[in-house]
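# Observations on chain architecture
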Amino acid sequence: MARRVVACGTPTLATAVAVAVAAVAAAAVGAAAAAAASATGTAAGGYGRPAAASSSCVGDIKAVTFRLAPPARTPSGVYAAGVVPDDPGLPPFLRGAALNLTALRRHWYSGGGGGGGDDTGGGGGGWTARTTDGHYHHWWSRRRHRHRPSFKVRAAAPYVAGAGVGRGRAHLVAAPGEQTLLALRFGWADPAAQGGGGLAPSCGRLGFAGTAVGSPATGWDVSGTAFHAFRRPTGLRLVRSSQSVAAGVEALEKAIASGGDGVRQIGRVDHDVAAAKVDLRLAPSVVVAFGGVPPVAATFLAVAAAGVSVPPEVAVADSPLGVPYVMYNAASTLKVRFDLPASVDAALTSLEAIQARLASAAAGVTVAPTGADYDAAALDAGGSGLSTQTSNSTTADAAWARLTAALDAAPVTVAYLAQHDLSVVAAGGDPGGKFNRAAVFGNPKLGTPIMQSAFTAGIDLPVKLGVYTEVRGKDAEVSVAYVQPEWVANRHGTGVDVSALTTALDNFSNAAIAPADK
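So, a few notes on the structure that sits alongside this text. Sequence positions are assigned chain by chain, starting from 1 and proceeding in written order. Reporting in this predicted model follows two pLDDT cut-offs: at least 70 for local features of residues, and 80 or more for side-chain atom pairs to be given and counted; totals over whole chains, interfaces and linings ignore these cut-offs and use all residues. Only hydrogens and water are set aside; all other atoms, that is, all heavy atoms of the structure, feed into the side-chain values.

### Quick word on a positive patch on the surface
We count it as follows: Residues enter patches when their relative accessible area tops 30% and they take part in no salt bridge; the joining distance is 9 Å for like charges and 5 Å for the nonpolar side chains Val, Leu, Ile, Met, Phe, Trp and Tyr. Using the Shrake-Rupley algorithm and a 1.4 Å probe, accessible areas are obtained, with residue cover drawn only from the displayed protein chains. Here a salt bridge means any side-chain nitrogen of Lys or Arg lying within 4 Å of a carboxyl oxygen belonging to Asp or Glu. His is not counted, nor are the chain ends; Lys and Arg add positive charge and Asp and Glu add negative charge. Here the site of a charge means atom NZ of a Lys, CZ of an Arg, CG of an Asp or CD of a Glu. Under the scheme used here, helices are H or I runs from DSSP no shorter than 4 residues and strands are E runs no shorter than 2 residues, and both carry numbers assigned from the N terminus. Three exposure classes are used, based on accessible area relative to the maximum for each residue type with a 1.4 Å probe and protein chains only: buried under 20%, partly exposed in between, and exposed over 50%.
Together, K152, R154, R167 and R169 make up a positively charged patch on the protein surface. Of all the elements in the fold, those that place two or more residues in the positive patch are β7 (150-156) and β8 (166-174). Within the secondary structure, R169 is located in strand β8. Among the residues examined, R169 registers a relative accessible area of 42% and is labelled partly exposed.

Here it is, written out as structure tokens:
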């Protein structure tokens, strides 16, 4: 509903702020708060509780305040612009974000006489608007603005750059003297996660709603509510942590080292550290791989292709809102994706008990194994997620040697090599003469945008590429397979272009499967 602009001498700015904050928060954050409440079964905004494992949409809200300082010069045609401080106390998606407010129908300029086109602010008589008749008037004047002015908002945020540019609206609420009050809302939306698959329209949203008090010349004091509602990928265990990412990872590694079930750490990847090395920003995100126990070996001994998706991992990461989560892919998802036989059901149950123990340590809360409480049919519809090539013209040893040589020569970082067959032998087992190994590697320039768009994708990155045989013998057919980046992107609901990453994996796969005489 259009509202008349309040001129000078009207009720105090403090009163207007109180009214505006209540109105904006109720309208803009209500949906996200509802998503948070439905995801936890309790009031939204609290931390340290597991998110309901069966919930498809998870939500968080957080009150924030920050100062938006004006730039040296506001771009032409932009009413106000500024950069949010890179303050660790702010939600990651706001840190360092550049905001531009542009008038929908007219350009805004400063200066008492108007006409100079100086966009830097200041000047006698306050900010003015150039109207179609060529005259300049105070931009809150009832004479020229019978309805409150509106602005479109664009937000470029380095920590969620992979999600693109945030958009929104700002409306003038009051303008007593040189101070102005704006109702402000902006954010990012994932259309695929809104109202699809039974999800609420509020799912798939990240943003801010609140008020800004100040002026284009002096800057703005901004306060309001940040909100995040996102789709939980099928088969992903997601737990809100009661401790920071750093503390959670430390507790996780201690739990791996001190457990009585024989688990050992295979590798660790600090996604945010890797991103920083290529001048990209990412909220804290760490994934730790573990193995060395019979339940893990049972999976790839039953179906060799499963070796591409193990060893299992536990990730600890901050959401774009700065809420720490612990996550892992339920062991039972391996049965669905790779059609594992019933003979490995007991092993999968044991593996998920280990995952729950490690997640409990990382999150600082009790996590109980829940079995297949997700939509197995939806997961099965996505297939194994593998892209596979086979060959009878090479040996598994030769294919593995070519793959590792190609990785050494490429601009990628190898996180770890999972030599499943050798691990079984080292543990006193018999791999049945089968070859089964996987390389876990990545290039942060290609992988970071995926996690910037969907922080849960860190559990499925870096990429994995395996070499294996289903039967024993030197003449056995050799398979080279990798987890498709498109499968990862679809699973986590991100629209990031993964074609370059897919091309790179195809090249590595081709190099490995090349005939022996080449």
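There is more to say, and it comes next.
### Thoughts on empty space enclosed by the protein
For the record, the criterion: The pocket and cavity definitions rest on a 1 Å grid over protein atoms only: a 1.4 Å probe that fits but cannot leave marks a cavity, an open set with protein on both sides within 12 Å along at least five of seven lines marks a pocket, and residues lining either have an atom within 4 Å of a point. Grid points are joined across faces, edges and corners, and a volume is the space filled by probe spheres set on the points. Amino acid classes used here: Ala, Val, Leu, Ile, Met, Phe, Trp, Tyr, Cys and Pro are nonpolar; Asp, Glu, Lys and Arg are charged; the rest, including Gly, are polar.
Under the counting rule described, the total for this entry stands at 4 cavities of 30 Å³ or more. Taken as a whole, the largest cavity holds about 310 Å³ of empty space. Along the wall of the largest cavity there are 25 residues; nearest its centre are S309, E313, N329, R337 and D460. Elements supplying a minimum of two residues to the lining of the largest cavity: α5 (332-338), α6 (345-363), β20 (463-469) and α11 (485-492). When the residues that make up the lining of the largest cavity are grouped by side-chain class, the tally is 15 nonpolar, 5 polar and 5 charged.

### Overview of the side chain of Q355
Formally: Two N or O atoms count as a polar contact when they lie within 3.5 Å, although within protein this holds only if one can serve as hydrogen donor and the other as acceptor, and sequence-adjacent residues are included solely when both atoms are side-chain atoms. Throughout, a residue-residue contact means that at least one pair of heavy atoms, one from each residue, lies within 4.5 Å.
Position of Q355 relative to the elements: it lies in helix α6. A distance of 2.9 Å separates a polar side-chain atom of Q355 from the backbone oxygen of N329. The residues touching Q355, leaving out its near neighbours within four places in the chain, are F290, P312, Y328, N329, A330 and A331.

### Structural notes on the pattern of salt bridges
Under the counting rule described, the total for this entry stands at 13 salt bridges. We note a salt bridge from D60 to R240, for which the minimum N-O separation is 2.7 Å. Pair noted here: D60 is in strand β1 (residues 57-68) and R240 is in strand β12 (residues 236-240), with a separation of 180 residues, a long-range link. Its relative accessible area of 1% is what places R240 among the buried residues. With a shortest N-O distance of 3.1 Å, D345 and K335 are connected by a salt bridge. Placement of D345 in helix α6 and of K335 in helix α5 is noted, with a sequence separation of 10 residues between them. Residue classification places K335 among the partly exposed residues on the basis of a relative accessible area of 28%.

### Let's talk about α11
Counting buried positions along α11 gives 6 out of 8 residues, so the element sits mostly inside the fold. Along α11, the residues classified as buried are P485, W487, V488, A489, R491 and H492. In this structure, the buried residues of α11 make contact with β11 (219-231), β12, β16 (324-329), α5, β21 (478-483) and α12 (499-513). Downstream of α11 by a residue or two, G493 has a phi angle that is positive, lying close to 70 degrees.

### Focus on α6
Since one α-helical turn is 3.6 residues long, residues separated by three or four positions face the same way. Rule in force here: Working rule for helices: expected span equals 1.5 Å times residues minus one.
Along its 19 residues, α6 runs 27 Å from first to last C-alpha, staying within 8% of the 27 Å computed at 1.5 Å per residue. All buried positions along α6 are accounted for by A347, L348, L351, E352, I354, Q355, A356, L358, A359, S360, A362 and A363. Positive phi appears at G364, one or two residues downstream of α6, with a value of about 75 degrees.

### A short note on the sheet that holds β12
Applied cut-off: Note on pairing: two strands pair once DSSP finds at least 2 bridges between them. A fitted line through C-alpha atoms represents every axis, and for helices the fit uses only the stretch in contact; the resulting angles, taken between N-to-C directions, go from 0 to 180 degrees.
The strand order across the open sheet built from 5 strands is β12-β16-β15-β14-β13, with neighbouring strands paired in antiparallel fashion. Two strands lie at the open edges of the sheet, namely β12 and β13 (264-270), each paired on one side alone. Neighbour-to-neighbour, the strand axes of the sheet open up by a mean angle of 20 degrees, direction not taken into account. Note: strand β15 (residues 313-318) against β16, 4 bridges, orientation antiparallel. Counted as the bridge partner of A317 is Y325 from β16. Against the sheet, helix α2 (residues 245-258) makes contact with β13, β14 (285-291), β15 and β16, and its axis sits at roughly 165 degrees relative to β15, the strand it touches most.

### Quick word on the packing of α2 against α6
Applied cut-off: Crossings are classed by handedness, with left-handed meaning an anticlockwise turn of the near helix from the far one by less than a right angle and right-handed meaning a clockwise turn.
In contact at an axis separation of 7 Å, α2 and α6 are set at 145 degrees when each is read in the N-to-C sense. Seen along the crossing, α2 lies across α6 with a hand that is right-handed. Here α2 contributes G248, A251, L252, A255 and I256 to the contact with α6, which in turn contributes R357, L358, A361 and A362. Residues of the contact of α2 with α6, tallied by class, amount to 7 nonpolar, 1 polar and 1 charged.

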